[in-house]
Structures are given as structure tokens and as C-alpha cells.
Amino acid sequence: MAEDLVLERCDLELEVNGCDHHTADLCRERLVVRRGQPFWLTLHFEGRNYEASVDSLTFCAMTGPDPSEETGTKALFRLSDAMEEGAWAAVVVDQQDSTLSLQFSTPANAPIGHYRLSLEASTGYQGSSFMLAQFTLLFNSWCPADAVYLNSDEERQEYVLTQQGFIYQGSAKFIKSIPWNFGQFEDGILDICLMLLDVNPKFLKNAGRDCSRRSSPVYVGRVVSGMVNCNDDQGVLLGRWDNNYGDGISPMFWIGSVDILRRWKKDGCQRVKYGQCWVFAAVACTVLRCLGIPTRVVTNYNSAHDQNSNLLIEYFRNEYGEIQSDKSEMIWNFHCWVESWMTRPDLQPGYEGWQALDPTPQEKSEGTYCCGPVPVRAIKEGDLSTKYDAPFVFAEVNADVVDWIRQDDGSLHKSINHSLVVGLKISTKSVGRDDREDITHNYKYPEGSPEEREAFTRANHLNKLVDKEETGVAMRIRVGEGMNRGCDFDVFAHITNSTPEEHTGRLLLCARTVSYNGILGPECGTKDLLSLSLEPYSEKSIPLRILYEKYCDCLTESNLIKVRGLLIEPAANSYLLAERDIYLENPEIKIRILGEPKQNRKLVAEVSLRNPLTEALSGCTFTVEGSVPIPPPRAGEEVKVRVDLLPLYVGRHKLVVNFESDRLKAVKGFRNVIVGPA
């Protein structure tokens with residue numbers, strides 16, 4: 001009778017599997033593979049090798065604390081003669097001396113997560129059990145049968161594998177890109193992402209069901225959307241928008257997701273202070289890319305926060321155009337969310353592809369602060385019955401804005417304001433380039449097109465179907481040159497009279513600092529022209545000077561000033577309103593690499609910034625990989641500092657630098673670095 005098979009060890013073939021599964025950065029000390037694609041293990045036996053005529057090998061793969069075959073979290077399968085597509089299977093690919101090389105396959109719809117793989121070896125009536133390996137299974141956008149399959153290699157590279165990118169801020173007329181390190185393959189991040197799934201309320205309530213449902217990117221995306229904020233769970237980030245960040249870290253200061261996720265784990269899943277929309281979106285992007293779901297960060301300019309689902313944002317103003325009520329319904333200067341690529345078998349055909357997910361806590365969805373996934377195509381078509389949260393996302397890009405002026409007698413008069421259009425310049429980083437891609441057309445049909453009217457009719461968006469009132473007099477806010485932080489500059493109310501009549505009215509101009517979410521700060525410039533005459537068919541530009549000494553102490557970290565013009569014509573009882581948000585440029589951070597970047601060699605960079613202000617700065621630091629204090633630069637002085645960077649691996653890197661001081665907050669710079677072999 002043959003002696004029992006005795007397993008000496010199992011070789012995880014990390015290098016081969018990591019290369020084949022695009023997980024080389026994760027496979028340094030552990031096995032990480034993607035579902036629906038074969039991977040290899042080599043078994044080394046003591047004494048004799050496997051004999052097909054004598055031995056029977058049965059494998060067991062399990063995930064979660066309560067695995068079962070019924071829920072798909074446990075699979076039992078025997079060594080077979082041929083690979084079986086779409087199922088757990090194992091076949092022999094080579095056999096030499098005491099080694100047995102095996103190829104394993106996994107279903108393209110298997111739950112993702114941490115697995116335990118064991119072997120039951122039977123010889124006659126004898127049997128022995130061995131733990132072969134622990135491995136992590138991820139979504140697979142390279143596998144046509146996977147729900148996250150993308151057929152473009154360039155897009156897979158960008159939306160799954162790329163670890164650095166840009167997020168867009170500023171205003172619709174001055175779009176500002178900030179570099180961000182997503183870092184989804186950095187040390188410990190995969191374990192943190194899996195931990196995030198394991199502390200979500202659905203797992204704590206029913207772990208078996210939750211692990212089973214991790215086969216669906218729709219389910220996982222929705223869980224991640226809820227877990228990136230901490231409003232009703234042990235989520236990652238606490239949001240704050242009041243500029244008081246003394247007991248935490250300002251949202252503007254973060255330059256990547258890695259530090260945030262590591263802090264969350266180190267502090268025992270305690271919330272990290274603080275995040276705002278782009279931070280929530282960027283952390284969600286890191287988690288989803290790490291788990292294998294193609295994901296990108298998206299910015300929507302003039303983004304509406306519609307609480308009562310009437311697709312209408314109403315502002316009530318006094319006779320000077322100042323907003324009166326403390327309304328929670330706002331127009332955010334910009335708002336960020338993520339899009340993830342997946343099929344939607346739960347919806348009608350045609351709704352596969354990009355799905356919007358918004359992890360910023362704004363409104364509850366099915367009792368939880370999360371939003372999405374909702375097909376971007378459904379938003380474009382005005383199909384508001386589509387899961388999940390279509391009305392809220394539709395309003396973010398399509399809500400109408402109405403301004404009411406409350407007159408002395410208490411009556412309300414509707415003002416004309418053509419300067420504020422919701423849902424502009426929807427932006428994401430281009431594939432394979434550091435440029436911005438405008439994806440507004442994915443969310444909206446061209447303005448005034450028959451398709452747009454059909455979408456609005458389908459969404460019952462009645463306000464948008466009414467023709468806009470025209471008066472023949474128009475006003476918009478124009479800007480001059482040199483709108484840099486620390487400078488004085490001019491803005492202009494440009495008024496056009498397209499009628500054959502002369503118009504006389506009062507012009508009120510006001511500039512106030514503003515946060516990106518629409519919260520107004522103090523005034524920093526005003527002008528009141530009691531009698532302004534407009535000749536027939538004429539144009540006028542009225543300047544307003546905005547002084548640094550007026551805005552320096554009240555400018556928020558958003559670097560935004562809102563300029564408002566109100567033209568009142570008493571004779572016609574007409575109110576014409578124009579607004580514009582102005583972004584003030586920060587000084588440029590210059591980054592110079594000293595020497596030739598080589599693999600595993602410490603890299604030295606020279607980082608510099610010129611103080612643009614008329615006063616000295618204090619409390620200055622550069623942040624790269626840790627905080628680097630620098631001497632405070634005097635007015636107009638340039639400061640330079642050398643920083644030692646961690647050894648980098650071969651490839652293209654984005655070196656991200658942040659500058660912080662008492663007067664200049666969150667000035668970001670970046671440089672692409674190509675690291676060659678040693």
C-alpha cells in the first residue's frame with residue numbers, strides 16, 4: 001500500500017502570478033490574484049510525489065467568517081483533467097520528482113476578499129489535510145466575464161493601476177488641478193481596504209450575507225460610498241466645512257489617500273479629521289481601484305445640493321441682493337464624486353458603464369449616508385427612477401436656480417440671473433496624460449437640443465422647459481489680469497443695453513470671500529452707483545477694485561471671492577443679477593531633481609517657492625514624505641530647501657509637494673520623475 005502524501009511546502013509563485021494578474025506591487029510577500037483568471041501554485045511533497053492512479057486531491061477555498069457553498073463563499077473541487085471556465089478548478093501543468101505544478105481557476109463572479117485554500121489528500125482509506133495558502137481575490141477588469149471588464153488597456157492602466165493623478169478645483173472659469181497620490185498599491189493599503197469592508201454595518205449585522213454579496217461591484221461600491229464617511233458607522237473621514245480645523249488636519253493639506261487610510265487603521269478605525277468632497281472622493285477612488293474596480297474622480301462645477309427633490313434651488317435676497325435666509329440648499333462652486341465602471345444586471349440594458357458614486361455625506365440613501373451607484377447614462381436621459389439616488393445626482397448637474405428679491409413692503413420679485421448655470425465643465429483626468437478631459441456630454445445633452453427637452457420632460461423638470469425671460473439689458477462680471485493671492489486687482493460689471501431705449505438704474509457691486517461649498521465670508525470690496533445711465537445699444541464696464549488688505553484675513557483655503565452685481569431699474573421694477581466666483585492663484589512651487597533618478601537610490605529634490613505677499617510668512621513647512629520645516633521667507637523672498645526622498649522603483653512617478661504657512665495654505669506643486677534601473 002502506498003504511503004501517505006506529505007506536503008512539505010507550497011510555492012505561491014509570487015513573481016509569475018503578480019505579473020500575470022497585474023498585482024506585482026501587492027505580491028511581494030503574499031498572493032493577490034484577480035478573479036476569472038488562472039493562477040499557479042507549486043506543491044513540494046516529502047518522499048514520493050502525487051500519483052493520479054493512487055491519490056485523490058480535493059481543494060477547499062473559503063472566504064469570510066461563515067463560509068458556505070450555498071452563499072458562494074466556500075468551494076470544494078477536485079483535481080481535474082481539464083480547466084473548467086467560470087468555476088473553481090485545478091489541473092496539473094507539470095510534474096517533476098517531488099513537485100507538482102498546478103493551475104487554478106476562479107469564477108469571474110466569485111466574491112472578492114481574503115481566501116483560505118486547503119488540500120485534502122486521500123490515499124486509499126487514508127487522508128491528510130494541509131493548509132496550502134492564503135490569498136486575496138480582486139475584481140478583474142482584464143476578464144471579459146467580470147462585471148468590471150474594460151476592453152481598453154489604456155483605460156485599465158489609468159483607472160485601475162495608476163497611483164497618481166489630478167483632482168480639479170477652482171471655478172468653472174478658472175479650473176485648477178491639484179496633484180493627488182492615490183497610492184492603492186502602497187504597503188498595507190490592501191489590508192486596510194479589506195478591513196474597511198469588514199467593519200461596515202452590513203458585515204457586522206450578517207457577515208455571511210455581506211461576504212457573499214461582495215461578488216457584485218454594485219454592492220461593494222455602495223458599501224465603500226458609505227464607509228469613506230463616518231456619519232453612521234466606523235468610516236474613515238469626518239467632514240468639516242467651517243474653516244476650524246485646529247483639532248485635526250485641514251482638508252486642503254492632504255496630498256494623498258495613503259496617510260489618511262493608515263491613520264484610520266492605526267487609531268483603531270477612529271475617524272480621521274478632516275475631509276471635504278475631493279478628499280472623500282479621492283479616498284473612495286483609492287479603495288475601489290485597490291479592490292480592482294476601474295474608478296476615476298470627477299468634478300462638477302456649479303453643483304446643486306437639492307434637499308427637497310424639486311430640482312430647484314431658491315435664493316431669497318434683500319433689496320441689496322444679499323442672501324437672507326440660512327438655507328441648506330446651496331450651489332457649491334465645485335463638487336467631487338467618483339465614477340466606477342461596471343455592468344448593471346439589476347437594471348435595464350444600456351445602463352452598464354460609468355456609475356456615479358458620491359461618498360461625501362449629504363443626504364441619506366436607504367437610511368445611510370451614501371450615494372449611488374447610479375448610471376451616468378440614466379442621469380443624461382432624465383430617468384430618475386433608476387437605482388440608486390438618481391434624483392439627487394440629476395439635480396447636482398441640472399437644478400434650476402431662482403433668485404427672489406424681497407422688497408421694502410415684503411413682496412417678492414423674481415430677479416433675472418443668467419450668470420449661474422448648474423452643472424458646468426464636468427471634469428476628470430485624461431487617460432494616460434496629465435490633461436483635463438471634459439465629460440459634461442456624458443451627463444447632459446447640448447443645451448436647447450430636442451434630446452435635452454426629452455430628458456427634462458422625462459424627469460418632470462418643468463422649470464427647465466419654460467423659456468427664459470429676456471429684457472434686452474444684460475450684465476456679466478468680467479475679470480482683469482493678475483488675480484494672484486497677495487495682489488490688488490480689478491473686476492468689472494459689463495452691462496449691455498440691446499434696446500433702442502435709454503435705461504437708468506442703480507448698480508450695486510459687492511465682493512465677498514466664499515468657501516467652495518457656497519458659504520459666504522466678509523465683504524472685501526463694494527461700490528454703489530445710485531444713478532447709472534445706459535444709452536441705447538451701448539455697453540459699459542464698471543470697475544471694482546479689490547484690495548489685498550481687505551481680503552487677506554478672511555480668504556478661505558478655497559482661495560475664492562464671489563463678486564455680485566445687482567442692477568435695479570425702479571421704473572420697470574426690474575432686478576438684474578450677475579455673479580462670478582474668482583479663484584486667486586497661489587505662487588508656483590518649483591521642484592528640481594538633483595542627480596539622475598535610479599532604482600533603489602535615494603532621490604534628492606530642491607523645492608522652492610517665492611513669497612508673493614508684502615509681509616513675512618511664519619510656521620512654514622514643505623510636505624513631501626513627511627514634514628520639512630523651512631526658514632520663514634520675508635516679503636518677496638524665495639525660499640529653497642533640499643529634501644531626501646524614499647528610494648523609488650523603476651517607472652514614472654509624480655512627486656507631490658505641499659507648502660503650508662500662516663498666510664499661505666495648501667499650495668501644491670508636482671513634478672513627473674522617471675526612475676531608471678540601477
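In this text the structure is predicted, and so the values were computed from the model without any measurement. The residue numbers shown here count from 1 along each chain, following its written sequence. Per-residue local features are limited, in this predicted model, to residues with pLDDT of at least 70; the limit for side-chain atom pairs, both in listing and counting, is 80 or more; totals at the level of whole chains, interfaces and linings are taken over all residues. No hydrogens and no water enter the side-chain calculation; it runs on all heavy atoms of the structure.

Chemist: Please give an account of the overall build of the protein that cites residues and values.
Modeler: Segments assigned H or I by DSSP are reported as helices when at least four residues long, segments assigned E as strands when at least two residues long, and all are numbered from the N terminus. Tallying secondary structure elements over the protein gives 14 helices and 36 strands in all. Its C-alpha atoms give the protein principal-axis dimensions of about 110 × 60 × 40 Å. The 678 residues of the protein split such that 56% are buried. Two residues qualify as a contact provided that any one of their heavy atoms is within 4.5 Å of a heavy atom in the partner residue. A separation threshold of at least 6 residues defines the contact pool for the protein, and within that pool the share at least 24 residues apart is 66%. Carbon together with sulfur atoms contributes 47% to the accessible area of the protein, which is approximately 28,600 Å² in total. A 1.4 Å probe rolled over the protein chains alone gives each residue an accessible area, and that area as a share of the maximum for its type sets the label: buried under 20%, exposed over 50%, partly exposed in between. Note that accessible areas follow from Shrake-Rupley with a 1.4 Å probe, and for residues the cover is restricted to the protein chains shown.

Chemist: Can you lay out the packing of aromatic side chains for me, pointing to particular residues and giving the numbers?
Modeler: Here a Phe, Tyr or Trp ring, Trp counted by its six-membered ring, pairs with any other such ring whose centre lies within 6.5 Å, and the pair is stacked when the planes are under 30 degrees apart, edge-to-face when over 60, and tilted otherwise. Per the stated rule, a full pass over the model turns up 24 aromatic pairs. Where Tyr159 meets Trp354, the ring centres are 5.0 Å apart and the plane angle is 90°; that geometry is what we call edge-to-face. Here Trp354 lies in strand β17 (residues 353-357) and Tyr159 lies in helix α2 (residues 153-161), a separation of 195 residues in the sequence. The pair formed by Tyr159 and Trp354 is uniform in burial state, with each residue classed as buried. Relative to Phe334, the ring of Tyr301 lies with its centre 6.4 Å away and its plane at 55°, an arrangement referred to as tilted. You can see Tyr301 sitting in strand β14 (residues 295-305) and its partner Phe334 sitting in strand β16 (residues 330-342), a full 33 residues away along the chain. Classification of Phe334 as buried rests on a relative accessible area of 3%. Here the guanidinium or amino end of Arg289 rests over the ring plane of Phe182, the centre of that ring lying 4.8 Å away. Two conditions define a charge located above a ring, namely a distance within 6 Å from the ring centre to NZ of Lys or CZ of Arg, and an angle within 35 degrees of the ring normal. Over the face of the ring belonging to Tyr445 we find Lys380, whose NZ or CZ atom lies 4.6 Å from the ring centre.

Chemist: Please set out the nonpolar core residue by residue, giving values where relevant.
Modeler: Core analysis: the largest hydrophobic core is formed by 72 residues, its most contacted members being Trp180, Val224, Leu237, Trp278 and Leu291. Not counting the four nearest positions on each side in its chain, Trp180 is found in contact with Gln163, Gln164, Gly165, Ile167, Trp254, Ile255, Gly256, Ser257, Trp278, Val279 and Ala282. Ala511, Leu555, Leu655 and Val657 belong to the second largest nonpolar core, which has 49 residues in total. The nonpolar core is taken to be a set of buried Ala, Val, Leu, Ile, Met, Phe, Trp, Tyr and Cys residues, with the residues joined through side-chain atoms within 4.5 Å.

Chemist: An account of the sheet that holds strand β4 (residues 55-63) is needed here, citing residue identities and associated values.
Modeler: In spatial order, the strands read β1-β3-β7-β6-β5-β4-β8-β9-β2; together these nine strands make up an open sheet with mixed pairing. The two strands at the open ends of the sheet, each matched to only one other strand, are β1 (6-11) and β2 (31-34). For this sheet the average axis-to-axis angle between neighbouring strands, irrespective of direction, equals 35°. Between any two strands, pairing holds if DSSP finds at least two bridges. Strand direction decides the pairing type here: strand β6 (residues 89-96) and strand β7 (residues 99-105), joined by seven bridges, are antiparallel. Counterpart to Gln96 in the pairing with β7 is Thr99. Lines fitted to C-alpha atoms define the axes here, with helix axes fitted over just the stretch in contact, and angles between the N-to-C directions of these axes take values from 0 to 180 degrees.

Chemist: Tell me what's going on with the domain arrangement of the protein, and back it up with residues and numbers.
Modeler: For the protein, the assigned domains are domain 1 (6-138), domain 2 (155-464), domain 3 (470-583) and domain 4 (589-675). Segment limits for the domains were obtained from an automatic or database-derived domain assignment. For domain 1 and domain 2, the distance between their C-alpha centres works out to 40 Å. Each partner contributes to the interface: domain 1 provides 20 residues, whereas domain 2 provides 21 residues. When two parts are brought into contact, each loses some accessible area as probed by a 1.4 Å sphere; the total of that loss over both is the buried area. In total, about 1,500 Å² of surface goes out of reach between domain 1 and domain 2, with carbon and sulfur atoms giving 64% of it. Any Lys or Arg side-chain nitrogen found within 4 Å of a carboxyl oxygen on Asp or Glu counts as a salt bridge. For the pair domain 1 and domain 2, the interface holds one salt bridge.

Chemist: Could you give an account of the UniProt feature "binding site: Ca(2+)" (unreviewed entry) in the protein, with specific residues and numbers?
Modeler: UniProt positions are given in the numbering used here, feature names are shortened, and annotations may be inferred rather than shown by experiment. The UniProt entry lists Asn398, Asp400, Glu447 and Glu452 under the feature "binding site: Ca(2+)" (unreviewed entry), expressed in the numbering used here. Taken along the chain, the residues just named run across 55 residues; in space they keep tight, none of their C-alpha pairs more than 14.0 Å apart. With respect to the helices and strands, Asn398 occurs in helix α10 (residues 390-398). Relative to the elements of secondary structure, Glu447 occurs in the loop between α11 (440-443) and α12 (450-458). For Glu447, a relative accessible area of 72% translates into the label exposed.

Chemist: Describe the UniProt feature "active site" (unreviewed entry) in the protein, with residues and values.
Modeler: Under the present numbering, the feature "active site" (unreviewed entry) in UniProt falls on Cys277, His335 and Asp358. Spatial clustering of the annotated residues is evident: they stretch over 82 residues in sequence, but the largest pairwise C-alpha distance comes to 9.7 Å. Mapped onto the secondary structure, Cys277 falls in helix α8 (residues 277-291). Of the residues examined, Cys277 reaches a relative accessible area of 0% and is grouped as buried. In this structure Cys277 touches Trp241, Trp332, Phe334, His335, Cys336, Thr360 and Tyr516, once residues within four positions along its chain are discounted. Residue placement: His335 occurs in strand β16. Each residue touching His335, except ones within four places of it in the same chain, is listed here: Cys277, Val298, Thr299, Asn300, Ser303, Asp358, Thr360, Gln362 and Glu396.

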